[in-house]
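Understanding the architecture of this molecule
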Amino acid sequence: MRVLGISGSPRAGGNTDILVQTALGVLVDQGFETEFVSLADRPIRPCMACRGCATAEGLRCVQEDPAFEGMIEKFCAADGIVVGSPVYFGSATPQTMALLDRVGYVARMKQNFLRRKVGAAIVVARRAGQNFTFAQLNYFFLINEMIVPGSSYWNIAFGLEKGRVKEDSEGMATVRNLAVNMAWLLKKLGKE
């Protein structure tokens, strides 16, 4: 089974990358194939609400956007999806939402290919806004009929400067526990 990890931070190698890669590392230890995608070098354009995906052949967004190329295929190939975002002015980054809006729109127009995949949100904040951002990402999973595992706390951690999130021992433990629970859930779903 395969898990896709998305870091929606525009800052490569930062705290969001660390958290998503921590979760993926646990999933690798649990026997899963993983793929990490950073949006730091992918300036994905937002959805234009053109509804072209509704009439396009196959699973695709009709907007010409090299940064978005291959993303629908990555979501389709994954059994589980981890999406991480730092808090930007009380919500997920524009990069994160541009990706999720476009993938989600195509999914909703085309047989909802996200249905019954496992989705998990991870959020990092300097100080506040994490609860809204965590909910925002979970709304994406829930409207797409995905299954969301929990952890020992909400999947949030704190840190501003690169690497500082590692000092949040509870946040790091929460993310590792989330990945263990995600692995358990994926294995249970895979047996049916």
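What counts and what doesn't
- Residues numbered from 1 in each chain as written.
- Predicted model: local features only at pLDDT ≥ 70, side-chain atom pairs only at ≥ 80, totals over all residues.
- Heavy atoms only, no water.
- Helix = DSSP H or I, 4+ residues; strand = E, 2+ residues; numbered from the N terminus.
- Rg over C-alpha atoms; globule rule 2.2 N^0.38 Å.
- Buried < 20%, exposed > 50% of the residue type's maximum accessible area, 1.4 Å probe, protein only.
- Core = buried A, V, L, I, M, F, W, Y, C linked by side-chain atoms within 4.5 Å.
- Contact = heavy atoms within 4.5 Å.

**Looking at the overall build of the protein**
Along the backbone of the protein there are 6 helices and 5 strands. Moving toward the C terminus, one meets the helices and strands of the protein in the order β-α-β-α-α-β-α-β-α-β-α. Expected size for 192 residues packed as a compact globule is a radius of gyration near 16 Å; at 16 Å, the protein falls within 12% of this value. The principal-axis extent of the C-alpha atoms belonging to the protein is close to 50 × 40 × 25 Å. Across the 192 residues of the protein, 52% fall into the buried class.

**What about the nonpolar core?**
Counting residues in each nonpolar core, the largest one holds 35 residues, and the members touching the most others are Ile-6, Phe-75, Leu-99 and Leu-114. Residue assignment for this core shows that the elements contributing at least two residues are β1 (2-7), α3 (71-77), β3 (80-86), α4 (94-109), β4 (118-125) and α5 (130-143). Sort the elements by how many residues they give to this core and α4 lands first, with 7 residues. Once residues lying within four places of it in the same chain are set aside, the contact partners of Leu-114 are Phe-75, Ile-81, Val-103, Ala-107, Phe-140, Asn-144 and Met-146. Listed in part, the 24 residues of the second largest apolar core include Val-82, Val-118, Leu-178 and Leu-185.

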